[in-house]
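The lines below spell out each chain.
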Amino acid sequence: MTDDAPVTEQPDTRPLDDLLDHLYQGQERISQADIYRRAVAAQLPAELLTRIAALPQGEYAVDEVTDMLGGTVA
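Each value, and the rule that gives it
Residues numbered from 1 in each chain as written. Predicted model: local features only at pLDDT ≥ 70, side-chain atom pairs only at ≥ 80, totals over all residues. Heavy atoms only, no water. Helix = DSSP H or I, 4+ residues; strand = E, 2+ residues; numbered from the N terminus. Axes fitted to C-alpha atoms, helices over the stretch in contact; angles between N-to-C directions. Parallel < 35°, antiparallel > 145°, perpendicular 65-115°, else oblique. Left-handed = near helix turned anticlockwise from the far one by under 90°. Contact = heavy atoms within 4.5 Å. Nonpolar A, V, L, I, M, F, W, Y, C, P; charged D, E, K, R; others polar.

### A closer look at the environment of Val 40
Here is step 1: By the element assignment, Val 40 lies in helix α2 (residues 32–41).
Here is step 2: The spacing of Val 40 and Ile 52 is twelve residues in sequence and 10.0 Å in space, taken between C-alpha atoms.

### Looking at the packing of α2 against helix α3 (residues 46–53)
Here is step 1: α3 packs onto α2 with a crossing angle of 165° between their chain directions and a minimal axis gap of 9 Å. The angle between the axes of α2 and α3 places the two elements in the roughly antiparallel class. As α2 runs across α3, the sense of the crossing is left-handed. In this structure, α2 uses Gln 32, Ile 35, Tyr 36, Ala 39 and Val 40 to contact α3, whose residues at the interface are Leu 49, Ile 52 and Ala 53.
Here is step 2: Looking at the contact of α2 with α3, its residues break down into seven nonpolar, one polar and no charged.

None of the figures reported here should be taken as evidence of function without further support.
What follows is the structure, encoded as structure tokens:
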């Protein structure tokens with residue numbers, strides 16, 4: 001028996017995790033725009049940039065961002 005269900009590969013979130021670790025040092029909340037600017041500067045993969053760009057405008061705590069983007073909280 002074979003499983004013909006498509007396999008959706010999850011992007012490697014390590015670059016996102018590293019970026020968020022640096023961004024949130026000494027910060028409780030950061031705006032979506034600042035997260036996106038820093039992600040572009042860090043040359044995160046396009047799929048992760050798309051996810052960040054899709055976040056509603058506003059400020060986020062690190063746990064909120066990781067929940068929405070699929071990263072992990074260190």
